[in-house]
Number of protein chains: 2
Amino acid sequence: MRIRFFNARILTMETNRPIIQGEVWVEQEKIVYVGEKNKEQPTLCWDEEIDCDGNLLMPGFKNAHTHSGMTLLRSYADDLPLQAWLNERVFPIEAKMSSEDIYHFTKLAVLEYLTSGITSIFDMYLTPESIARACSEMGMRCVLTGAVNNFSQSVELMGRWWEKLNGNDPLISFLPGFHAEYTCSRELMEQIAAFISERKQPVYVHLSETQAEVKGCLERWGMTPGCFLDSLGMFEYGGGIYHGVWLTEQEMDIFQEKRVSVITNPASNLKLASGIAPISQFLKKGLNVAIGTDGPASNNCLDMFREMFLVTGLAKLSTGDASAVDAMEVLKMATVNGAYAMRLPQVDVLAKGKLADLILLDLHMPNMQPMNHIAKNVVYSGSKLNVKLTMIHGRILYRNGRFLISEEPEAIYEKANEIIQEYRNCSVPSPLRCKNP
Amino acid sequence: MRIRFFNARILTMETNRPIIQGEVWVEQEKIVYVGEKNKEQPTLCWDEEIDCDGNLLMPGFKNAHTHSGMTLLRSYADDLPLQAWLNERVFPIEAKMSSEDIYHFTKLAVLEYLTSGITSIFDMYLTPESIARACSEMGMRCVLTGAVNNFSQSVELMGRWWEKLNGNDPLISFLPGFHAEYTCSRELMEQIAAFISERKQPVYVHLSETQAEVKGCLERWGMTPGCFLDSLGMFEYGGGIYHGVWLTEQEMDIFQEKRVSVITNPASNLKLASGIAPISQFLKKGLNVAIGTDGPASNNCLDMFREMFLVTGLAKLSTGDASAVDAMEVLKMATVNGAYAMRLPQVDVLAKGKLADLILLDLHMPNMQPMNHIAKNVVYSGSKLNVKLTMIHGRILYRNGRFLISEEPEAIYEKANEIIQEYRNCSVPSPLRCKNP
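Quick caveat, the model's predicted, so the values are computed rather than measured. (Residues numbered from 1 in each chain as written. Chains lettered and ligands numbered in written order. Predicted model: local features only at pLDDT ≥ 70, side-chain atom pairs only at ≥ 80, totals over all residues.)

Considering the overall build of chain A
For the record, the criterion: In this text, helices come from DSSP runs of H or I with a minimum length of four residues, and strands from runs of E with a minimum of two, each type numbered from the N-terminal end. For a compact globule the rule gives 2.2 Å times the number of residues to the power 0.38, and the radius of gyration it is set against comes from C-alpha atoms. Remark: C-beta atoms are placed from the backbone, and a residue is labelled buried if 20 or more other C-beta atoms sit within 10 Å of its own, exposed if 12 or fewer do, or partly exposed between those counts. What counts as a contact here is a pair of residues whose C-beta atoms, placed from the backbone, lie within 7 Å.
The helix and strand inventory of chain A stands at 14 helices and 18 strands. For 437 residues, the compact-globule estimate of 2.2 N^0.38 gives 22 Å, and the C-alpha radius of gyration of chain A, at 21 Å, lies within 12% of that figure. Judged by the C-alpha coordinates and their principal axes, chain A covers about 65 × 50 × 45 Å. The buried share of chain A, reckoned over its 437 residues, is 58%. Restricting the contact set of chain A to residue pairs at least 6 apart, pairs at least 24 apart contribute 73%.

Focus on the sheet that holds strand β9 (residues 172–175) of chain B
The pairing of strands in a sheet comes from backbone hydrogen bonds and takes either a parallel or an antiparallel form. Residue and element names in this part refer to chain B. Inclusion rule: DSSP-based pairing: two strands are paired if at least 2 bridges between them are found. Only C-alpha atoms enter the line fits that serve as axes; for helices the fit covers just the stretch in contact. Angles between N-to-C directions range over 0 to 180 degrees.
Here four strands make up an open sheet; going across it, the order is β6-β7-β8-β9 and the pairing parallel. The sheet terminates laterally at β6 (61–66) and β9, the two strands that pair on one side only. Across the sheet, the mean angle separating the axes of adjacent strands is 15° when strand polarity is ignored. Examined bridge by bridge, strand β7 (residues 118–124) and strand β8 (residues 141–145) share five bridges and lie parallel to one another. Bridged to D123 within β8 is L144.

A short note on unusual backbone geometry
The phi torsion of most residues other than glycine is negative, and most of the peptide bonds are trans. Omega for the peptide link from A:Q369 to A:P370 comes to -5°, which places this bond in the cis form. For A:P370, the location among the structural elements is in the loop between β15 (358–361) and α13 (374–381). Although it is not a glycine, A:K200 adopts a positive phi angle of roughly 50°. Structurally, A:K200 can be placed in the loop between α5 (186–199) and β11 (203–207). One non-glycine residue, B:R343, adopts positive backbone phi at about 55°. Its location among the elements puts B:R343 in the loop between α12 (327–341) and β15 (358–361). Among the residues examined, B:R343 registers 17 C-beta atoms within 10 Å and is labelled partly exposed.

Section: the domain arrangement of chain A
All names here are of chain A. Definition in use: Reported domain spans reflect what an automatic or database domain assignment gives. Here the term charged refers only to Asp, Glu, Lys and Arg, the term nonpolar to Ala, Val, Leu, Ile, Met, Phe, Trp, Tyr, Cys and Pro, and the term polar to all other amino acids, Gly among them.
Under the domain assignment, chain A is made up of domain 1 (2–59 + 348–403) and domain 2 (61–346). Computed over C-alpha atoms only, the centres of domain 1 and domain 2 are separated by 28 Å. On the domain 2 side, the residues contacting the 24 residues of domain 1 number 28 residues. At the level of elements, α13, β16 (387–392) and β17 (395–399) are the ones that each hand at least two residues to the side of domain 1 that touches domain 2. Among the residues forming the side of domain 1 that touches domain 2, the class breakdown is 14 nonpolar, four polar and six charged.

Remarks on the confidence of the model for chain A
Applied cut-off: Values of pLDDT, the confidence the predictor places in each residue, fall between 0 and 100.
Scored by pLDDT, chain A has a mean of 94; 96% of the residues are at 70 or more. The low-confidence segment residues 429–437 of chain A, where pLDDT is below 50, has 23 contacts with residues more than four positions distant or belonging to other chains.

Looking at the relation of the copies chain A and chain B
Condition: Our superposition of the copies is a least-squares fit, built on the C-alpha atoms of residues whose pLDDT is at least 70 in both.
For the pair chain A and chain B, the relating rotation is 180°, the translation along its axis is 0.0 Å, and the fit reaches an RMSD of 0.0 Å. On the angle and the small slide along the axis, the relation comes out as a two-fold axis. No C-alpha of chain A approaches the rotation axis more nearly than that of A:L385, which lies at 2.4 Å. Taken as a fraction of all interface residues of chain A, those also at the interface in chain B reach 100%, which identifies the copy contact as same-surface.

Things to note about helix α3 (residues 128–138) of chain A
All names here are of chain A. Within the sequence span of α3, burial applies to P128, S130, I131, A132, A134, C135 and M138. Residues of α3 that are buried sit in contact with α2 (99–115), β7 (118–124), β8 (141–145), α4 (155–165) and β9 (172–175). Phi for G139, located one or two positions after α3, is positive at around 90°.

Here's the deal with the nonpolar core
Our working rule: Only buried Ala, Val, Leu, Ile, Met, Phe, Trp, Tyr and Cys residues enter a nonpolar core, and they are joined through C-beta atoms within 7 Å.
Ranked by internal contacts, the top residues of the largest apolar core, which has 302 residues, are A:V24, A:L57, B:V24 and B:L57. Ignoring anything within four residues of it in the chain, the contact list for A:L57 reads A:F5, A:A8, A:I10, A:V24, A:C52, A:L350, A:L358 and A:L360.

Brief notes about the pairing of strand β10 (residues 177–180) of chain A
Remember that side chains alternate between the two faces of the sheet whenever the strand is regular. Residues and elements named next belong to chain A. As a reminder, the rule being used: Seen with the strands pointing away from the viewer, any crossover whose path from the first strand over the helix to the second strand runs clockwise is right-handed.
Summarising the sheet, β10 and β11 pair through three bridges and their orientation is parallel. Paired with F178 across the strands is V205, a residue of β11. Handedness of the crossover joining β10 and β11 through α5: right-handed.

Topic: the environment of A:A351
All names here are of chain A. When you line up the elements, A351 lands in the loop between α12 (327–341) and β15. We classify A351 as partly exposed; it has 16 C-beta atoms within 10 Å. Measuring from C-alpha to C-alpha, the distance between A351 and I102 comes to 35 Å, with 249 residues separating the pair along the chain. In this view, A351 contacts T12, E14, I31 and V34; residues no more than four positions away in its chain are not counted.

Thoughts on the packing of α12(B) against helix α13 (residues 374–381) of chain B
Residue and element names in this part refer to chain B. Where we set the bar: By definition in this entry, angles of less than 35 degrees are roughly parallel, angles greater than 145 are roughly antiparallel, angles of 65 to 115 are roughly perpendicular, and the rest are oblique. For a crossing to be left-handed, the near helix must be turned anticlockwise from the far one by less than a right angle; the clockwise case is right-handed.
Two elements in contact, α12 and α13, have axes separated by 9 Å at closest approach and are oriented at 70°. Judged on the interaxial angle alone, α13 and α12 are roughly perpendicular. For α12 against α13, the interelement crossing comes out left-handed. Seen from α12, the contacting residues are A327, M328, V330 and L331; seen from α13, they are A375, K376, V378, V379 and Y380.

Focus on helix α8 (residues 249–257) of chain B
Residue and element names in this part refer to chain B. For clarity, the threshold we go by: Here the arc refers to the directions that run from the helix axis out to each C-beta atom.
Within the span of α8, buried status applies to E251, M252 and F255. Seen from one end, α8 has its buried residues packed into an arc of 100°, which puts them on one side. Residues E249 and E257 are exposed on α8 and point more than 90 degrees away from its buried face. Of the residues one or two after α8, R259 is the one with positive phi, at around 55°.

Points about the interface of chain A and chain B
Opposite the 63 residues of chain A that make contact, chain B presents 65 residues. Elements with a minimum of two residues in the side of chain A that touches chain B: α1 (82–96), α2, α9 (266–271), α11 (304–319), α12, α13 and α14 (409–425) of chain A. Residues belonging to the side of chain A that touches chain B are distributed by class as follows: 34 nonpolar, 16 polar and 13 charged.

What about the sheet that holds strand β14 (residues 289–291) of chain B?
Residues and elements named next belong to chain B. Spatially, β10-β11-β12-β13-β14 is the arrangement adopted by the five strands of the open sheet, whose pairing is parallel. With one partner strand each, in any of the chains shown, β10 (177–180) and β14 form the two edges of the open sheet. Looking at each pair of strands side by side, their axes are set apart by 20° on average, direction ignored. By the bridge criterion, five bridges tie strand β11 (residues 203–207) to strand β12 (residues 239–243) in an arrangement that is parallel. Its bridge partner lying in β12, V203 is registered against G239.

Considering the pairing of strand β2 (residues 20–27) of chain B
Residues and elements named next belong to chain B. With seven bridges connecting them, strand β1 (residues 2–10) and β2 associate as antiparallel partners. Within the sheet, the bridge partner assigned to R4 lies in β2 and is W25. For β2 and strand β3 (residues 30–35), the ladder comprises five bridges, and the chain directions are antiparallel. For E23, the partnering residue across the bridge sits in β3 and is G35. Two successive antiparallel strands, β2 and β3, enclose a turn made up of two residues, where Q28 displays a positive phi of approximately 55°.

Details of the packing of α2(A) against α3(A)
Residues and elements named next belong to chain A. Closest axis-to-axis distance for the α2/α3 pair is 8 Å, and the angle between their directions is 40°. In terms of orientation, α2 and α3 fall into the oblique class. As for the relative orientation of α2 and α3, their crossing is right-handed in sense. The residues of α3 that touch α2, namely those facing S99, E100, I102, Y103, T106, K107 and V110, are S130, I131, R133, A134, C135 and M138. When its residues are assigned to classes, the contact of α2 with α3 shows seven nonpolar, three polar and three charged.

Structural notes on the environment of B:Y204
Residue and element names in this part refer to chain B. If you trace the backbone, Y204 turns up in strand β11. Sequence-wise, Y204 and K384 are 180 residues apart; in three dimensions their C-alpha atoms are separated by 29 Å. Excluding residues within four positions of it along the chain, Y204 makes contact with M124, T145, L175, G177, G239 and G240.

So this is what it looks like as structure tokens:
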């Protein structure tokens, strides 16, 4: 397929490059041209020429932390204290979830990612293979990571996934990871450190999401989580940590030195009352900050526009400085920095030779007007309603409110509700019986 | 016009009434039936029968605090410290704004309200008459309030508006108000108190938005703003205060006793680094809490979905309790409580005899699935993308992404950008010259 986008505003996200007026040409999965309208347009046979009508083409958003399969639990366990949420709702349900269930709920999440202009996800959950299958079938770029822990995922299993899920499908990759310090024994974490050391791999983990977690780690090991994991040699090849709400300066210095990304999840941190991550400080330390939605049980939506506003809004609030973390910095987090954290350099910016993961945002809508500053409009007032088109790996998967996938969205919704009905009918400890109002 | 909505889920927002399956009938501007499908459907001549396809009908959102005309300043003055924002950007531009400019920028805001399911706005700005004209022409329900202050609006002027803008247009009303304690002399505030006392009217005012404001008031009058205004007899007939981020317990008690609503503006309070209003405490005190977007210079979007998530998310964060301020409470704030604050009892709920201000939310979208809890889905993961239809006073003004108004949206955008170009070309002190990146 050869697709020509013309009459566009283009925010390539290359450093210091302003928004240009011009064209983007896509051939198969690759971008072959980004620039002004070429006077001598080659007589290429286009499969489609898309008039962008002055709207904004930019790299798709990278959702650098999610648990897609948790759409099952959306609006099932809200407005509860954190411990009740986890122990009485989330864990009992998760214990029942099959690989097939997660496949179906991941597909539901993928639909939502497309509506929000998300073109890559970084997914940590129970069954990477069925998540990979769902993403591959739907055309979503997905980096999976392990969730090794004392109960359900071993290092051996992660090793098998690491071998199986890399190199076979251009949309799918797998990076080592474990759930968290507080769900792994020291012995297990030493095994993980050995695994990544042997293979020279980065590692990804939930870290310092809550104050209680940090306190527990200090009691167990006399160190904060980042320092403790570093003492095990965990970060020799970089990687990333999710949340990082309660990081100390010392941990920030370690992550800066070891090129460990911090992936922030502001909506989840609000909804679960975890706190506000010190983003301004991260930036001052030179950390690579990316953005994730976290899973839909704790957010509950998969919307990078909401996350972007929260990243800057909460930074302004927590520093008392309305100039903190400006809009361009946030757009960089949602695109380039996410790609860096996910080891996807081929989709970070719009440029010749990169893979065609891009979105078209409708500027002909009231929330994008007037045009005082297009990038600030995207960050401060953009919404899913502005996403006109989402392209991944050269394929248009969502356009003008319609999904261009093989399956009917309605079939995916039906299947999701059918599975939930099965859970309701069975003996799940705290079943999905919260009546609608 | 007689319109029959059928095959709907209906959230009437009447106390403790669950979501029902059924129909809503509208005749001219009024709701004439809400309930189950009637077996003996009268042989009415419908002008239109709308199959809601199982989607959700509910009362439209009430945006209980905004400055619509500030769309002019959207994305013009972000990422600046508060004082620089106000003094170097907002005030110099506002000093140049004509009544006609505000008319055009209000129309731009109205378009955005419609996309967000907002059916009533409570607008405080420089030129109530031109705002009323814009809303009336477009079909938006608008309650205006005075912004009396030392510099630009006198009590006499407010009196003229109060007489002129009430009782003539069913969409328009006017309630007394003043900008803030810190922009009015004591003499002026005493005049305002006399005005409302004579006419037995409520009063509306910005109050305790920032800590600096409270400190200044304490220095001037030895009392916090709420106590000081109460000492002038300002709240004898109720009314409302905007923001209330830094209210004391004593002020909350006064507002509860005097039936003064608190209108919270969470996105604005984040973006301008003002703080988090103690919503949980307001509710414990029995205050009527409503929600506003504030103006688009400080938010920057006019999106009740984002505000609703922030109300509960920030309450959870600030109390450290993930069960604080549940979803139904937030929906009540965005509808019923807003109507109470704005003195619009005829549009608070969906019921026979009420005015037809309603919205249809698309549940056949990934962010509204699965259907574990419809109301929580709306609050925690709803977005503008879910708004299928917005009806005000019995007229459908927005449907399936199209505006059903006399003017082309594109003409409104063009006019807005044209006015900005004129500002750029003239000698505004700090003109709109921030280049797009």
